[in-house]
Amino acid sequence: MGTLTFNTQMQSGTIENTSFRAFGEVSGKHSGVISYNSGTNTVTLNPDANFVFGEKVQVVLTEDIRTEGNSIPLAGGYSWRFAIAPLLGDGNYELDATNYAVGKDPLALAVGEFNNDVYTDFVVANSAENSVSVFKNNQRGGFDLADTYTVESNPRGLTVADIDADGDMDIIVANNTSNNISVLKNQGNGSFTTVLTY
């Protein structure tokens, strides 16, 4: 459930799944029941499906949302990005740290679901070793190193996306010194093919 408060009264009929959008980096687009409280100017999204713990979520409000009375649209729309963390019974978030050994000089990290088990995995760019390390969720609250893949020189940025539309998250790496991009294509089980360079 997500809640957002406006600083003025809004037209409740303009706040719907097409104008109030939520996207999970792993779980994808979320629709659900949207309710608006005119007394507090608060809108709540109760999604049809849960987000995945640890995934990044982006919320977008479009210009279709309008104020009550003079019907002024949201100028340019708005967007927020945040991560999902488990909430404890006392109102605090569970953020206990666990350290994982990676390669030398890790400079970038991206979260994705690599092996179709619905659990969040992640990949780290090791800039001084020209490699990326892939960690798979062990479904016990932790991660195991799955494999390390060699890329081009000095990887400093990466992201995950389904670049070939096969339903599996691939890895794209930006290599600083070699001035190119490395693409690791997912084989559907969380293992990746030989790196393609562009």
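Look a little higher up for the structure.
The notes below deal with the structure included here. (Residues numbered from 1 in each chain as written. Predicted model: local features only at pLDDT ≥ 70, side-chain atom pairs only at ≥ 80, totals over all residues. Heavy atoms only, no water.)

**Thoughts on the packing of aromatic side chains**
The condition is simple: Working definition: a ring pair exists when centres of Phe, Tyr or Trp rings (six-membered ring for Trp) sit within 6.5 Å. Plane angles under 30 degrees give stacked, over 60 give edge-to-face, the rest tilted. For the purposes of this entry, the term helix denotes a DSSP run of H or I that reaches at least four residues, the term strand denotes a run of E that reaches at least two, and both are numbered from the N terminus. In this scheme, a residue with accessible area under 20% of its type's maximum is buried, one over 50% is exposed, and one in between is partly exposed, where area comes from a 1.4 Å probe on protein chains only.
Per the counting criterion, the structure on display carries seven aromatic pairs. Ring plane angle 75° and centroid distance 4.9 Å describe the contact between phenylalanine 122 and phenylalanine 143, whose orientation is recorded as edge-to-face. Note that phenylalanine 122 is positioned in strand E9 (residues 121-126) and phenylalanine 143 in strand E11 (residues 143-150), a separation of 21 residues in sequence. The exposure class assigned to phenylalanine 122 is buried, which follows from its relative accessible area of 10%. Ring centres of tyrosine 149 and phenylalanine 192 lie 5.7 Å apart, and the angle between their planes is 85°; this geometry places the pair in the edge-to-face category. Of this pair, tyrosine 149 sits in strand E11 while phenylalanine 192 sits in the loop between strand E14 (180-184) and strand E15 (196-197), and the two are 43 residues apart along the sequence. As far as the burial class goes, tyrosine 149 and phenylalanine 192 line up, both buried.

**Observations regarding the pairing of E9**
Rules: When DSSP finds two or more bridges between a pair of strands, those strands are recorded as paired.
Taking burial as the measure, the six residues of E9 include six buried ones, the bulk of the element. On E9, burial covers both faces: Asp121, Val123 and Ala125 on one face and Phe122, Val124 and Asn126 on the other are all buried. Relative to E9, strand E8 (residues 106-112) is paired through six bridges, and the arrangement is antiparallel. Of the residues in E9, the one forming a bridge with glycine 112 is aspartate 121. Relative to strand E10 (residues 131-137), E9 is paired through five bridges, and the arrangement is antiparallel.

**Re a nonpolar patch on the surface**
Inclusion rule: Think of a patch as exposed residues, more than 30% relative accessible area, with no salt bridge, where like charges cluster within 9 Å and nonpolar side chains (Val, Leu, Ile, Met, Phe, Trp, Tyr) cluster within 5 Å. Areas reported here follow the Shrake-Rupley algorithm with a probe of radius 1.4 Å; residue values treat only the protein chains shown as occluding. What makes a salt bridge here is a side-chain nitrogen of Lys or Arg within 4 Å of a carboxyl oxygen of Asp or Glu, nothing more.
A surface patch of nonpolar side chains, amounting to about 310 Å² of accessible area, comprises Tyr78, Trp80 and Phe82. Inspection of the secondary structure puts phenylalanine 82 in strand E7 (residues 78-83).

**As for the pattern of salt bridges**
Side chains bearing opposite charge may pair, as long as their charged atoms lie close to each other. Taken as a whole and assessed by the stated rule, the structure comprises one salt bridge. Its salt-bridge partner being lysine 185, residue aspartate 164 comes within 3.7 Å of it at the nearest N-O pair. Placement of aspartate 164 in the loop between strand E12 (155-161) and strand E13 (170-175) and of lysine 185 in the loop between E14 and E15 is noted, with a sequence separation of 21 residues between them. For lysine 185, a relative accessible area of 28% translates into the label partly exposed.

**Some remarks on the nonpolar core**
Soluble globular proteins tend to bury their nonpolar side chains together. The line we're drawing: In this description, a nonpolar core means a group of buried Ala, Val, Leu, Ile, Met, Phe, Trp, Tyr and Cys residues linked to one another through side-chain atoms lying within 4.5 Å. Contacts are residue-level and defined by heavy atoms, with any inter-residue pair within 4.5 Å sufficient.
Formed by 17 residues in total, the largest nonpolar core has its most connected members in Phe114, Val123, Val132, Leu158, Ile171 and Leu184. When residues of this core are traced back to their parent elements, those giving at least two are E8, E9, E10, E12 and E13. The contacts of leucine 184, once residues within four sequence positions are left out, are Val132, Tyr149, Val151, Asp170, Ile171, Val173, Phe192 and Val195. With 15 residues, the next largest nonpolar core counts Ile15, Tyr36, Val59 and Leu74 among its residues.

**Remarks on the sheet that holds strand E2 (residues 20-24)**
The condition that has to hold: Interaxial angle, 0 to 180 degrees, is taken between N-to-C directions of lines fitted to C-alpha atoms, where a helix line uses only the stretch in contact.
Taking strand neighbours across the sheet as the criterion, the four strands line up as E3-E2-E6-E7 in an open arrangement whose pairing is antiparallel. Edge positions in the open sheet fall to strand E3 (28-30) and E7, since each of these has one partner strand only. For this sheet the average axis-to-axis angle between neighbouring strands, irrespective of direction, equals 20°. The pairing of E2 with strand E6 (residues 56-61) spans five bridges and is antiparallel. The partner of phenylalanine 20 across the bridge, within E6, is leucine 61.

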